[in-house]
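# Structural overview
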Amino acid sequence: MSGVRVEEKRMGKRGRAAVVVLGDFGRSPRMQYHALSLARQASLEVDIVAYGGSEPHAAVLGHPSIHIHKMTQWLTSPSSLPKILRLLMLLVKPLVQFLMLLWFLCIRIPAPDIFIVQNPPSVPTLVAVKWASWLKGSAFIVDWHNFGYTLLALSLGRRSRFVAVYCWIEKHFGKMADGALCVTKAMQHELTQSWGIKATVLYDQPPEFFRPASLDEKHELLSRLDNDLRLPRGVQDCISIGHSASASDELHDTIFTSFIGDNVAEKANRPALIVSSTSWTRDEDFGILLEAAVMYDRRVAAILNEDDLSNDRSLWDELHHGKQQLYPRLLFIITGKGPEKEKYEEKIRSLRLKRVAFRTMWLSSEDYPLLLGSADLGVCLHTSSSGLDLPMKVVDMFGCGLPVCAASYSCIEELVNVDRNGLLFSTSSELADELMMLFKGFPDECKVLKFLRRGARETGESASWNSEWEEHAMPLISQVGKK
């Protein structure tokens, strides 16, 4: 009990913290982990102010010291509106968001010792949190995930006046914070040198629920997903043809696993399972993955001397009934939500591939780690609008012991150790080369893939979010909370 009193004294008199996200909290895993650490490790009451939408992790929802306050989300402006009205909506939107944030931060929640705010978005979030911290006598910390103005520049261009104003606000109010966290050393250097902001690097690390899945867990998950994988509406491909689901066998047989006696076994002719999580935005070029899939499909067909007129259905039936080849079928499961999802789903439907299939889906925060822990490879297309942040999805993959092929950019090697836990690519051809190399002889003879899996597992086991937060975030929060 004395330890709790010391902790509360060190963290502030009110014993409260507020986590602020001007976005879907269920899609902000780092901020969810902040909330859990503030409640568990700092023994604070935690108020979360954010938009609703996706369901947060059960650990967040079930913690008695975490309280979620959902704001009403701003409606998307229809594209049919006249241009002048769309511009007016763009000006009104941040004003309405600013007033709503002030209402929640100053009226709806108890005054905290400290606000921790996610950036981006920067406008009006940083302004509102600064005002609220002044009005309530609280400190505030900015957790820099990226630079908001660089994301805005993707759509408006770097020379836009809106981008220049946004950048000024982000820099000005960012400097007014009592402390700062950031996700990479490259970002720390940029904040220090260009903006005069001293930030502490808090690397993303996987929490305890990201771990390799057991064979039983894999079978149970894939049994629940089996109909969506085997029988997608209106799709015929190397996964759907030759498969049928019935009530009698759905618990005993999946595309990847089956029961032998009382034990689960992986099928020798199973497809390779590849997972890519995407926000379907412009800083992730999903077209690279589609082009690589086409190249893999054509290169394997050429190696096996198959012509374009060969009967796909006959090949699929042979593969379904146990025929093994030097290169396996690939099943890509693409998870996530975002603005360009429908565009790429249409492109996927137009592809005619013999050995590659795609499925898009949204998984719960409990099932997503199980999927990563069940997969054979992860693919990350994130390239960063600023070139200074790291993809948290790769951290999660390593936590599950999943090796990664990741798009190459300036600071990605702070996370991906090439030829130890993953590979990098810059073009679709390079990614296709890596798929050919990694899956040759799958599932038993792919030595490089197995070596990278061992490296990914070692990376995931070498650190945890709790220890990283205790070492780097806790001292900053304690120091700021005393002010």
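Provided above is the structure to which this section pertains.
Bear in mind that the values here come from a model prediction, so they are computed numbers and not experimental data. (Residues numbered from 1 in each chain as written. Predicted model: local features only at pLDDT ≥ 70, side-chain atom pairs only at ≥ 80, totals over all residues. Heavy atoms only, no water.)

## Things to note about the pairing of strand β6 (residues 179-182)
Burial of β6 is two-sided: the residues G179 and L181 facing one way and the residues A180 and C182 facing the other way are all buried. Looking at chain direction, strand β5 (residues 139-144) and β6 are connected through four bridges and run parallel. When the bridges of β6 are listed, V142 appears paired with A180. Judged from the two bridges that link them, β6 and strand β7 (residues 200-201) form a sheet pairing that is parallel. Across the sheet, the residue bridging to L181 is T200, located in β7. (Buried < 20%, exposed > 50% of the residue type's maximum accessible area, 1.4 Å probe, protein only. Helix = DSSP H or I, 4+ residues; strand = E, 2+ residues; numbered from the N terminus. Pairing = 2+ DSSP bridges.)

## Overview of the sheet that holds strand β1 (residues 16-24)
Strand order in the open sheet made by the seven strands is β3-β2-β1-β4-β5-β6-β7, with parallel pairing throughout. On the outer flanks of this sheet lie β3 (66-71) and β7, each paired with one strand and no other. Bridge analysis of strand β2 (residues 45-51) against β3 gives six bridges, and the strand direction is parallel. Residue pairing for β3: Y51 is matched across the bridge by M71. Packing of helix α5 (residues 125-136) onto the sheet brings it into contact with β1, β4 (114-119) and β5, and relative to β4 it is tilted by some 175 degrees. Those strands touched by helix α17 (residues 465-481) are β4, β5, β6 and β7, and its axis lies near 165 degrees from that of β6. (Contact = heavy atoms within 4.5 Å. Axes fitted to C-alpha atoms, helices over the stretch in contact; angles between N-to-C directions.)

## A look at the packing of aromatic side chains
In total, this model carries 16 aromatic pairs according to the counting rule given. Here W144 and F147 contribute two aromatic rings whose centre-to-centre distance is 5.7 Å and whose plane-to-plane angle is 55 degrees, an arrangement assigned as tilted. Taking relative accessible area as the criterion, F147 reaches 3% and is therefore assigned buried. Between the aromatic rings of W280 and Y344, the centroid separation amounts to 6.2 Å while the plane-to-plane angle is 35 degrees, which identifies the pairing as tilted. Of the two residues, W280 sits in the loop between β10 (272-277) and α10 (286-303) while Y344 sits in helix α12 (residues 341-350), which places them 64 residues apart along the sequence. Linked through ring pairs, Y33, F209, F210, Y368 and W465 together constitute an aromatic cluster. In this structure, K337 is placed above the aromatic ring of W362, and the distance from its NZ or CZ to the ring centre is 4.5 Å. (Phe/Tyr/Trp six-rings, centres within 6.5 Å; stacked < 30°, edge-to-face > 60°. Lys NZ or Arg CZ within 6 Å of the ring centre and 35° of its normal.)

## Describing the pattern of salt bridges
All told, the structure shown has 16 salt bridges when counted by the stated rule. Between R30 and D143 there is a salt bridge; the shortest N-O distance is 2.7 Å. On the criterion of sequence distance, the pair formed by R30 in helix α2 (residues 29-40) and D143 in strand β5 is long-range, its members being 113 residues apart. Note on accessibility: R30 and D143 belong to one class, buried. (Salt bridge = Lys/Arg side-chain N within 4 Å of Asp/Glu carboxyl O.)

## Overview of empty space enclosed by the protein
As enumerated under the stated definition, the model contains three cavities of 30 Å³ or more in all. Of the voids in this model, the second largest cavity is the one considered here, and its volume is about 40 Å³. Lining the second largest cavity are D24, F25, G26, Y51, G52, S54, P56, I68 and K70. Partitioning the lining of the second largest cavity into residue classes produces four nonpolar, three polar and two charged. (1 Å grid on protein atoms, 1.4 Å probe; cavity = no way out; pocket = protein on both sides within 12 Å on 5 of 7 lines; lining within 4 Å. Points joined across faces, edges and corners; volume = space filled by probe spheres on them. Nonpolar A, V, L, I, M, F, W, Y, C, P; charged D, E, K, R; others polar.)

## So, the packing of α10 against α12
The interhelical angle for the contact between α10 and α12, taken along N-to-C directions, is 10 degrees, at an axis separation of 11 Å. In terms of axis orientation, α10 runs roughly parallel to α12. Together, F286, G287 and L290 of α10 and Y344, K347 and I348 of α12 make up the contact between the two elements. Taken together, the residues of the contact of α10 with α12 break down into four nonpolar, one polar and one charged. (Parallel < 35°, antiparallel > 145°, perpendicular 65-115°, else oblique.)

## A few points about the side chain of T459
Checked against the element boundaries, T459 lands in helix α16 (residues 447-462). Take T459: its relative accessible area is 18%, and that puts it in the buried class. Polar side-chain contacts of T459 include one of 3.0 Å to the side chain of N421. Leave out the neighbours within four places in its chain, and T459 touches F398, R420 and N421. (Polar contact = N/O pair within 3.5 Å; in protein donor to acceptor, adjacent residues only side chain to side chain.)

## Here's the deal with the nonpolar core
Most often, soluble globular proteins keep nonpolar side chains buried together rather than apart. In terms of nonpolar packing, the biggest core is built from 114 residues, with L38, I48, F115, W144, L191, L229 and W469 touching the most fellow members. A total of seven residues in this core trace back to one element, the largest contributor, which is α17. The next biggest cluster of nonpolar side chains, apart from the first, holds 38 residues, and it includes A293, F332, L438 and C446. (Core = buried A, V, L, I, M, F, W, Y, C linked by side-chain atoms within 4.5 Å.)

## Side note on α12
Given 3.6 residues to a turn, an α-helix orients residues that are three or four positions apart in the same direction. All of the buried residues in α12 are K341, Y344, E345 and I348. Buried positions in α12, seen along its axis, are confined to an arc of 105 degrees and lie on one side of it. When the buried face of α12 is taken as reference, the exposed residues oriented beyond 90 degrees from it are E342 and S350. Contacts from the buried residues of α12 go to α10 and β12 (356-361). (Arc of directions from axis to C-beta.)

## With respect to the sheet that holds strand β11 (residues 330-335)
Ordered in space as β12-β11-β10-β13-β14-β15, the six strands form an open sheet in which the pairing is parallel. Every interior strand has two partners, whereas the edge strands, β12 and β15 (422-425), have only one. Each strand of the sheet is rotated relative to its neighbour by a mean of 20 degrees, with strand direction disregarded. Here β10 pairs with β11 via six bridges, running parallel. Residue pairing in the sheet places I274 in a bridge with F332 of β11. Together, β10, β11, β13 (377-380), β14 (404-407) and β15 form the strand contacts of helix α15 (residues 428-439), whose direction differs from that of β15 by roughly 155 degrees.

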